[in-house]
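This is what each chain is made of:
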Number of protein chains: 2
Amino acid sequence: MAIIRNTIAKKAVFEIIQVNKTAMSQTEIFAKVNNICDRVTVYRILERLVKEMKIHKIVNVNGVINYAPCNSCSHEQHVHHDHLHFSCTNCKKLTCISDNHIELNIPSNYQVSEVFLTVSGICPECLIIT
Amino acid sequence: MAIIRNTIAKKAVFEIIQVNKTAMSQTEIFAKVNNICDRVTVYRILERLVKEMKIHKIVNVNGVINYAPCNSCSHEQHVHHDHLHFSCTNCKKLTCISDNHIELNIPSNYQVSEVFLTVSGICPECLIIT
DNA sequence: TACAATTATGCAACATTGTTGCGTTTATAA
DNA sequence: TTATAAACGCAACAATGTTGCATAATTGTA
């Protein structure tokens, strides 16, 4: 069993994700760590944090991978969470909305493991501006 | 207003997408056009076909953008379609399942335009093999 | 049928995002 | 304090997507 280490860079990356309200991409996160570590290290830290179930990995409508904190998430929910994500087409920000429990009609010969629900449109902040 | 042209390459790309049962990435589509045109041209054709509403642009769970034909899609449905996509974690194929109409609880200050619903797991073909 | 207008293409070059290998550094338990 | 394995930096690479510009091809019209 691997020993998990809490390095300076890891703490910094986790802190950034925790503080931010919207989900962030690797690029945005790396821009915020202020050269505390290498670009590659950020990738590897994010990978580890996902594996340790401390953050969520969410794909944006554009195909950009984003990371968000998972505050109210038990391990159970993690495996099969009916989380809703809002992807703003204007500011490109990805926001976690709430737990929208949904009913799906999937043929029984498909083995479902996770449900990804993303809604695109204009977020409140962008609506005010325009 | 731009005049839409039906070129050889465009017809070939559209044909490939139509015939295939699962959604395909640009890479897969380009591999099938057999050097009838350039890599860049495929990108531009796909862009046009999406704009002309002849194909769907769907993001896979991994962040890979896939393209699928939209057979039973009126323009109305296109703007706000409650389409369900199944993303196989084994063979990476993306399949359009059916029209799953879902109820969502989104705060009124969000302006919704599209709903993206993707379910990951193991597809029937991969279930048989393993 | 030939021509003009403009859409579509090819090519080259670049940008972004993510991955891998390997030698070195560092955190943690003993 | 030290040994050990985790984490890191660097360089190099791979995949995917974008842009500019000169050239080719399609389509409506004369």
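Read on for a plain summary of the structure. Just so we're clear, the structure is a prediction, and the values are computed from it rather than from any experiment.

Parameters and conventions
Residues numbered from 1 in each chain as written. Chains lettered and ligands numbered in written order. Predicted model: local features only at pLDDT ≥ 70, side-chain atom pairs only at ≥ 80, totals over all residues. Heavy atoms only, no water. Pairing = 2+ DSSP bridges. Helix = DSSP H or I, 4+ residues; strand = E, 2+ residues; numbered from the N terminus. Contact = heavy atoms within 4.5 Å. Buried area = accessible area lost by both parts, 1.4 Å probe. Salt bridge = Lys/Arg side-chain N within 4 Å of Asp/Glu carboxyl O. Least-squares fit on C-alpha atoms with pLDDT ≥ 70 in both. Axes fitted to C-alpha atoms, helices over the stretch in contact; angles between N-to-C directions. Parallel < 35°, antiparallel > 145°, perpendicular 65-115°, else oblique. Left-handed = near helix turned anticlockwise from the far one by under 90°. Nonpolar A, V, L, I, M, F, W, Y, C, P; charged D, E, K, R; others polar. Near = heavy atom within 4 Å. Polar contact = N/O pair within 3.5 Å; in protein donor to acceptor, adjacent residues only side chain to side chain.

Turning next to the sheet that holds strand 2 (residues 55-59) of chain B. All names here are of chain B. The 3 strands lie next to each other as 1-3-2, forming an open sheet whose pairing is antiparallel. Of all the strands in the sheet, just strand 1 (24-25) and strand 2 have a single pairing partner and so form its edges. Here 5 bridges tie strand 2 to strand 3 (residues 65-69), and the two strands are oriented antiparallel to one another. Bridge pairing links His56 to Ala68 in strand 3.

Glancing now at the interface of chain B and chain A. In this complex, chain B contributes 35 residues to the contact, which on the side of chain A involves 35 residues. For the chain B face of the interface with chain A, the top three residues by lost area are Tyr110, Gln111 and Phe116 of chain B, together amounting to 21%. Linking chain B with chain A are 0 salt bridges. Sorting the residues of the side of chain B that touches chain A by element identifies strand 4 (83-88), strand 5 (94-99), strand 6 (111-122) and helix 5 (124-129) of chain B as the ones contributing at least two each. Counting residues per element, the side of chain B that touches chain A draws most heavily on strand 6 of chain B, which supplies 12 residues.

The transform that puts chain B on chain A rotates by 179° and translates by 0.0 Å along the axis, for an RMSD of 0.1 Å. On this basis, the relationship between the two copies can be described by a two-fold rotation axis. When the interface residues of chain B are mapped onto chain A, 100% of them are again interface residues, pointing to one common binding face.

Attention now moves to the sheet that holds strand 3 (residues 65-69) of chain A. Residue and element names in this part refer to chain A. One open sheet holds the 3 strands; their spatial order is 1-3-2, and the pairing between them is antiparallel. Edge positions in the open sheet fall to strand 1 (24-25) and strand 2 (55-59), since each of these has one partner strand only. Inspection of the sheet shows strand 1 paired to strand 3 by 2 bridges, in the antiparallel sense. Counterpart to Met24 in the pairing with strand 3 is Tyr67.

Turning our attention to the packing of helix 1 (residues 8-19) of chain B against helix 3 (residues 39-51) of chain B. Residue and element names in this part refer to chain B. The interhelical angle for the contact between helix 1 and helix 3, taken along N-to-C directions, is 70°, at an axis separation of 10 Å. Taken as axis vectors, helix 1 and helix 3 run roughly perpendicular relative to one another. The hand of the helix 1/helix 3 crossing is right-handed. Of the residues in helix 3, those touching helix 1 at Ala9, Lys10, Val13, Phe14 and Ile17 are Ile45, Leu46, Arg48 and Leu49. A class-by-class count of the residues in the contact of helix 1 with helix 3 yields 7 nonpolar, no polar and 2 charged.

Bringing the protein's contact with DNA strand C into the picture now. Contacts to DNA strand C come from 22 residues, most closely from Arg5, Asp38, Thr41, Arg44 and Arg48 of chain B. Counting only atoms of DNA strand C within 4 Å of the protein, the fraction found in sugar and phosphate groups is 60%. Residue Arg5 of chain B places a side-chain N or O atom 2.4 Å away from a base oxygen belonging to DNA strand C. Contact between DNA strand C and Arg44 of chain B: a base oxygen at 2.7 Å from a side-chain N or O atom of the residue. Counting only elements with at least two residues in the surface near DNA strand C, the list comes to helix 2 (26-32) and helix 3 (39-51) of chain A together with helix 3 of chain B. Take the surface near DNA strand C: its biggest share by element is 6 residues, from helix 3 of chain B.

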